[in-house]
Amino acid sequence: MLHVLLLILKITGIVIACILGLVIIVVAAVLFVPVRYKADADYHGKFKAHAKLSWLGILRVLVSYDEEFAIKAKALFITIYSNNQKKEKTSKHRTSKKKKNKTLRRKYFFCKRR
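Worth saying up front: this structure is predicted, and the values here are computed from it rather than measured.

### Structural notes on the overall build of the protein
Secondary structure assignment for the protein yields two helices and five strands. Along the protein, from the amino end to the carboxyl end, the secondary structure elements read α-β-β-β-β-β-α. Per-residue burial over the protein gives 7% buried out of 114 residues. When contacts within the protein are restricted to residue pairs at least 6 apart in sequence, those whose partners lie at least 24 apart make up 3%. Of the accessible surface of the protein, which amounts to about 10,700 Å², a share of 68% is contributed by carbon and sulfur atoms.

### A short note on unusual backbone geometry
Phi angles above zero are rare outside glycine, and Glu-67 is one such case at about 75°. Phi is positive for Phe-77, which is not a glycine, with a value near 65°. Within the secondary structure, Phe-77 sits in the loop between strand 4 (69-75) and strand 5 (78-82). Accessibility expressed as a relative area gives 71% for Phe-77, which makes it exposed.

### Topic: the pairing of strand 2 (residues 47-55)
Consecutive side chains of a regular strand alternate in pointing toward one face of the sheet and then the other. In the sheet, strand 1 (residues 35-43) pairs with strand 2 via nine bridges, with the strands oriented antiparallel. Bridge pairing in strand 2 links Lys-38 to Lys-52. A loop of three residues connects strand 1 with strand 2, the two strands running antiparallel in sequence, and Gly-45 in this loop sits at a positive phi of about 85°. What sits between the antiparallel neighbours strand 2 and strand 3 (residues 59-66) is a turn of three residues, in which Leu-56 has the positive phi angle 60°.

### A closer look at the sheet that holds strand 1
With respect to topology, five strands assemble into an open sheet ordered 1-2-3-4-5, the strand pairing being antiparallel. The open sheet has two edge strands, strand 1 and strand 5, and neither has a second partner. Adjacent strand axes in the sheet meet at a mean angle of 15° when their direction is disregarded. Where strand 2 and strand 3 come together, eight bridges link them in antiparallel fashion. Its bridge partner lying in strand 3, Trp-55 is registered against Leu-59.

### Thoughts on the pattern of salt bridges
The full count for this structure, using the stated rule, is one salt bridge. The salt bridge involving Glu-67 is made with Lys-46; its shortest N-O contact spans 2.6 Å. Here Glu-67, found in the loop between strand 3 and strand 4, pairs with Lys-46, found in the loop between strand 1 and strand 2; they are 21 residues apart in sequence, far enough to count as distant.

### Observations concerning the confidence of the model for the protein
Taken as a whole, the protein shows an average pLDDT of 81; of its residues, 74% reach a score of 70 or greater. At the level of individual helices and strands, the protein shows its lowest average pLDDT in helix 2 (residues 85-113), which scores 51, and its highest in helix 1 (residues 2-32), which scores 94. With pLDDT under 50 throughout, residues 106-110 is counted as low confidence; its partners more than four residues away or in other chains account for zero contacts.

### A closer look at the environment of Glu-68
Its place among the elements puts Glu-68 in the loop between strand 3 and strand 4. C-alpha separation for the pair Glu-68 and Lys-48, spaced 20 residues apart in sequence, amounts to 9.4 Å.

### Some points on the side chain of Ser-54
Checked against the element boundaries, Ser-54 lands in strand 2. Given the relative accessible area of 16%, Ser-54 is considered buried. Setting aside chain neighbours within four positions, we find Ser-54 in contact with Pro-34, Val-35, Arg-36, Leu-59 and Arg-60.

Reading guide: rules and limits
Sequence order as written defines the numbering, with residues in each chain counted from 1. Only residues with pLDDT of at least 70 get local features here, since the model is predicted, and only at 80 or more are side-chain atom pairs given and counted; chain-wide, interface and lining totals rely on the full set of residues. Excluded from the side-chain calculation are hydrogens and water; included are all heavy atoms of the structure. Secondary structure follows DSSP: runs of H or I at least 4 residues long count as helices, runs of E at least 2 residues long count as strands, and numbering of each begins at the N terminus. Relative accessibility under 20% of the residue-type maximum defines a buried residue, over 50% an exposed one, and the middle range a partly exposed one, all with a 1.4 Å probe and only protein chains included. In this analysis, two residues are considered to be in contact whenever any of their non-hydrogen atoms come within 4.5 Å of each other. All accessible-area figures derive from a Shrake-Rupley calculation using a 1.4 Å probe, and residue coverage is judged against the displayed protein chains alone. The pairing criterion for strands is at least two bridges between them, as found by DSSP. Fitted lines through C-alpha atoms serve as axes, helices being fitted only where they are in contact, and the angles separating the N-to-C directions of these axes extend from 0 to 180 degrees. Salt-bridge detection follows one rule: a side-chain nitrogen of Lys or Arg within 4 Å of a carboxyl oxygen of Asp or Glu. The pLDDT value tells you how sure the predictor is about a given residue, anywhere from 0 up to 100.

As structure tokens, this is what we get:
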């Protein structure tokens, strides 16, 4: 009976020690791993600026200004936030409509000629 109780205490102690070790590693990484940054700015008639922030290569933030402001945040190659994501989708949609109209015009033109 006593050996079962000691076995349960041993297993819970090992689990708590592992969790505590992981917490210490994460806190040490946050405190001691630096945030890298790079910024470029240029003015030749127009103002252009680009900045990159990264931490451990896991978290990245890209900020740019070239006639309009753009921010993109990524974590492990997955885009978390992008303020111009909707604009890209609408521009693709508009080009597809133009292509459809051109093909319809061509078909109509060829049918009319015959």
